[in-house]
Amino acid sequence: MAHKVNPEIESGWKEVLKEEFEKPYFPVLKEFLIKERANNVVYPPGPQIFAAFNHTPFKEAKVVILGQDPYHGPGQAHGLCFSVPAGIAPPPSLINIFKELKSDLGIPFPGHGNLEKWAKQGILLLNATLTVRANNAGSHQKKGWETFTDRAIELLSQKRKNLVFILWGNYAIKKTALIDASKHLVLTSVHPSPLSASRGFFGCRHFSKTNEYLSQNSKKPIDWNLNSP
């Protein structure tokens, strides 16, 4: 019998996801990660794997931004999609997110790429895959993480109402199937990557649309400005 998995994750998430930790795939995923860490560098560091959930409790989530994979360069990944710790240069997709933010709401570029302030306001910055081998993009896909994060999206859709799901790029847009669009706002566009941003990400105005919807549903809008306290 596989040993019980008891991850360090926010209590509300632990409660709604408890059945996932008991399903056969999760101990298998844990064993895979143990072997990976024994033989390779894996990002993000262990305590930050569930950072998205720990920064944004289940009952406090208002917005979901979905990424695909953690960054795979040294010091970049810290458990929040698109985000990098202060002191690490913002990657190209994040720079394009800041460009659209400036165009949409007039918010100036921040001096860093750390999105924790967004997470603490109720934005779940969720990657579909929560770990990656260093310098090997996509190396931990199809190992079980997607089953886990898909369930997290489904549970938010089922148990909460009037959330905003922001899906950038074809991979994220496929997750629309998990979301009840009759009770939530689903915003989609191409990915903010330099390869595609000019084909519909720029001008999508997802930041102002998110705040309009939150206000209409008696929820506090997001302060997107990372320069303010």
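Structure's up top.
Reference entry: report on the structure contained in this document. Per chain, the residues get numbers from 1 upward, laid out in the order the sequence is written. In keeping with the predicted nature of the model, local features appear solely for residues at pLDDT of at least 70, side-chain atom pairs appear and are counted solely at 80 or more, and the whole-chain, interface and lining totals rest on all residues. Only hydrogens and water are set aside; all other atoms, that is, all heavy atoms of the structure, feed into the side-chain values.

What to know about helix 3 (residues 25-39)
Part 1 of the reasoning: By the criteria applied, helices consist of DSSP H or I runs no shorter than four residues and strands consist of E runs no shorter than two, each listed in order from the N terminus. A helix's residues, less one, multiplied by 1.5 Å, set its expected span. With 15 residues, helix 3 extends 21 Å from end C-alpha to end C-alpha; this agrees with the ideal 21 Å at 1.5 Å per step.
Part 2 of the reasoning: Partly exposed describes any residue whose relative accessible area lies between the buried limit of under 20% and the exposed limit of over 50%, with all areas from a 1.4 Å probe on protein chains only and scaled to the type maximum. Those residues of helix 3 that fall on the buried side of the exposure criterion are Tyr25, Phe26, Pro27, Leu29, Phe32, Leu33 and Glu36.
Part 3 of the reasoning: Contacts are assigned to residue pairs with any non-hydrogen atoms lying within 4.5 Å of each other. On its buried side, helix 3 packs onto helix 2 (18-21), strand 1 (42-43), strand 4 (132-133) and helix 7 (145-159).

Some details on the nonpolar core
Part 1 of the reasoning: Nonpolar cores are built from buried Ala, Val, Leu, Ile, Met, Phe, Trp, Tyr and Cys residues. Side-chain atoms within 4.5 Å join them into one set. Membership of the largest hydrophobic core comes to 63 residues, with the highest contact counts inside it found for Phe53 and Phe148.
Part 2 of the reasoning: A total of six residues in this core trace back to one element, the largest contributor, which is helix 7.
Part 3 of the reasoning: When neighbours within four sequence positions are excluded, Phe53 is seen to be in contact with Ile9, Glu10, Trp13, Leu17, Leu124, Leu126, Leu130, Phe148 and Ala152.

Focus on the sheet that holds strand 5 (residues 164-168)
Part 1 of the reasoning: Sheet architecture is open: four strands sit in the order 3-2-5-6, paired in parallel fashion. Bordering the open sheet on either side are strand 3 (123-127) and strand 6 (185-189), each of which pairs with just one other strand. Across the sheet, the mean angle separating the axes of adjacent strands is 15 degrees when strand polarity is ignored.
Part 2 of the reasoning: Any two strands with at least two DSSP-identified bridges between them are counted as paired. Here four bridges tie strand 2 (residues 63-67) to strand 5, and the two strands are oriented parallel to one another. In the strand pairing of strand 5, Leu66 is matched with Leu167. Between N-to-C directions, angles cover 0 to 180 degrees, with each direction set by a line fitted to C-alpha atoms, over the stretch in contact for helices.

Considering the packing of helix 5 (residues 92-105) against helix 9 (residues 206-216)
Part 1 of the reasoning: At a minimum axis separation of 8 Å, helix 5 and helix 9 run at an interaxial angle of 60 degrees. Compared by their axis directions, helix 5 and helix 9 come out oblique. Between helix 5 and helix 9, the contacting residues are Ile97, Glu100, Leu101, Asp104 and Leu105 on the first element and His206, Phe207 and Ser208 on the second. By the definition adopted for this analysis, an angle is roughly parallel if under 35 degrees, roughly antiparallel if over 145, roughly perpendicular if from 65 to 115, and oblique otherwise.

Structural notes on the state of the cysteines
Part 1 of the reasoning: Two cysteine sulfur atoms make up a disulfide if the distance between them is within 2.5 Å. Summed over the entire model, instances satisfying the criterion amount to zero disulfides.
Part 2 of the reasoning: Cys204 supplies the cysteine sulfur nearest to Cys81, a cysteine that is in no disulfide, at a spacing of 14 Å.
Part 3 of the reasoning: Note on Cys204: relative accessible area 7%, which makes it buried.

Focus: the packing of aromatic side chains
Part 1 of the reasoning: When the centres of two rings from Phe, Tyr and Trp lie within 6.5 Å, Trp using its six-membered ring, the rings pair. Their planes under 30 degrees apart give stacked, over 60 give edge-to-face, and anything left gives tilted. For the structure on display, the rule yields 20 aromatic pairs.
Part 2 of the reasoning: Residues Tyr25 and Phe26 carry aromatic rings whose centres are separated by 5.9 Å and whose planes lie at 65 degrees to one another, so their mutual orientation is edge-to-face. In this structure, Tyr25 and Phe26 share a single accessibility class: buried.
Part 3 of the reasoning: Summarising the aromatic geometry, the rings of Trp168 and Phe201 are spaced 5.2 Å apart at their centres and angled 85 degrees between planes, so their arrangement reads as edge-to-face. Placement of Trp168 in strand 5 and of Phe201 in the loop between strand 6 and helix 9 is noted, with a sequence separation of 33 residues between them.
Part 4 of the reasoning: Three or more aromatic residues joined by ring pairs form one cluster here, namely Trp13, Phe21, Tyr25, Phe26, Phe50, Phe53, Phe58, Trp145 and Phe148.

Regarding the side chain of Glu146
Part 1 of the reasoning: Mapped onto the secondary structure, Glu146 falls in helix 7.
Part 2 of the reasoning: Ignoring anything within four residues of it in the chain, the contact list for Glu146 reads Ala128, Thr129, Gln141 and Tyr171.

Some remarks on the environment of Pro108
Part 1 of the reasoning: The topology assignment puts Pro108 in the loop between helix 5 and helix 6 (116-120).
Part 2 of the reasoning: Sequence separation between Pro108 and Leu226 is 118 residues, and the spatial gap between their C-alpha atoms is 9.0 Å.

Quick look at helix 9
Part 1 of the reasoning: Burial in helix 9 covers these residues: His206, Phe207, Ser208, Thr210, Asn211, Tyr213 and Leu214.
Part 2 of the reasoning: Considering only its buried residues, helix 9 is in contact with strand 2, helix 5, helix 6, strand 5 and strand 6.
Part 3 of the reasoning: Ser218 occupies a position one or two residues after helix 9 and carries a positive phi of about 60 degrees.

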